[in-house]
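Okay, here's what each chain looks like letter by letter:
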Amino acid sequence: MLAFRGISENAGDLIEPRLLRPIRWAGPDLMLAFTLAWVRRRPDYIPAILVAFVFLLADLLFQRPPGLLSVIVVLACELQRRRTMLFRTQPLLVEWFNVAIVVAAIALANRLVLSVTFVDQVPLGLNLMQVIATVLVYPLVVFATQVIFGVRRTTKKDIAAMGVGI
């Protein structure tokens, strides 16, 4: 019966050797890219507790040390949130450079804490690939944020409504 559907009856044939190879490349961290884009554009849309909760769930889902990356991301987002007034007039290239520094700092802080506590880590090359991929995909994330989700940069009126002095 199983052979009729193209499935082998031998369980050993179901395991493909190519699926057991280690990963050689890392994709971008889209959740981090979207979080940074939204915090830089509309900090009032993303409260710190929501960022902490979502990244804590991601830590649990991806079997990372619980809370480590979420704390680092919350700290980075709050640092970005405090500088909202400066970001309002920055061109995308300057914003991109600033986000690249923040993403690299998040990855460096994560690796540093993991190495101090002697926790196993992914290879450095994979971590660097993920940082580079996240930085490279950031302009596309900003485009999607503006076009699809309609999240635009804050204006003077929005900042005044938030209670922050101009």
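Residues numbered from 1 in each chain as written. Predicted model: local features only at pLDDT ≥ 70, side-chain atom pairs only at ≥ 80, totals over all residues. Heavy atoms only, no water.

1. What to know about the packing of helix α1 (residues 30-41) against helix α2 (residues 48-61)
Which entries qualify depends on this criterion: To get an axis, a line is fitted to the C-alpha atoms, and for a helix only the part in contact is used. The angle between two axes follows their N-to-C directions and goes from 0 to 180 degrees. Starting at the N terminus, helices and strands are each numbered in turn, a helix being any DSSP run of H or I of at least four residues and a strand any DSSP run of E of at least two. For classification, angles of less than 35 degrees are called roughly parallel, those exceeding 145 degrees roughly antiparallel, those between 65 and 115 degrees roughly perpendicular, and all remaining angles oblique. Residues count as neighbours in contact if any of their non-hydrogen atoms are within 4.5 Å of one another.
The interhelical angle for the contact between α1 and α2, taken along N-to-C directions, is 175°, at an axis separation of 12 Å. As the angle between them shows, α1 and α2 are arranged roughly antiparallel. Contact residues: Met31, Leu32 and Thr35 in α1; Val51, Val54, Phe55 and Ala58 in α2.

2. With respect to the environment of Phe87
Test applied: A 1.4 Å probe rolled over the protein chains alone gives each residue an accessible area, and that area as a share of the maximum for its type sets the label: buried under 20%, exposed over 50%, partly exposed in between.
Examined against the element boundaries, Phe87 turns out to sit in helix α4 (residues 84-87). We classify Phe87 as buried; its relative accessible area is 4%. On a C-alpha basis, the gap between Phe87 and Arg40 in space is 6.8 Å, while along the polypeptide they are 47 residues apart. Every residue in contact with Phe87, bar those within four places of it in the chain, is listed here: Arg40, Gln80, Asn98 and Arg153.

3. Structural notes on the packing of aromatic side chains
Here is the rule we go by: Two rings belonging to Phe, Tyr or Trp (six-membered ring only in the last case) form a pair when the distance between their centres is within 6.5 Å. Interplanar angles under 30 degrees mark stacking, angles over 60 mark edge-to-face geometry, and anything in between is tilted.
This model, assessed by the stated rule, comprises three aromatic pairs. Residues Trp38 and Phe149 carry aromatic rings whose centres are separated by 5.7 Å and whose planes lie at 70° to one another, so their mutual orientation is edge-to-face. Of this pair, Trp38 sits in helix α1 while Phe149 is found in the loop between α6 (124-147) and α7 (156-162), placing the two residues 111 residues apart along the sequence. The exposure class assigned to Phe149 is partly exposed, which follows from its relative accessible area of 47%. Clustering of aromatic rings is evident, with ring pairs tying together Phe34, Trp38, Tyr45 and Phe149.

4. Here's the deal with the confidence of the model for the protein
Using the following cut-off: pLDDT: the predictor's confidence for each residue, scored from 0 to 100.
The predicted model of the protein averages 85 in pLDDT, with 81% of residues at 70 or higher. Per-element averaging of pLDDT across the protein places α7 at the bottom with 68 and α2 at the top with 96.

5. Quick look at a nonpolar patch on the surface
What counts, and what does not: A residue counts toward a patch only above 30% relative accessible area and without a salt bridge, and it is joined to like-charged neighbours within 9 Å or, for Val, Leu, Ile, Met, Phe, Trp and Tyr, to nonpolar neighbours within 5 Å. Residue-level accessible areas treat just the shown protein chains as cover; the underlying method is Shrake-Rupley with a 1.4 Å probe. Note on definitions: salt bridges are taken to be side-chain nitrogens of Lys or Arg within 4 Å of carboxyl oxygens of Asp or Glu.
On the surface, a nonpolar cluster with roughly 630 Å² of combined accessible area is contributed by Ile49, Leu50, Phe53, Val54, Leu56, Leu57 and Leu60. Secondary-structure assignment places Leu50 in helix α2.

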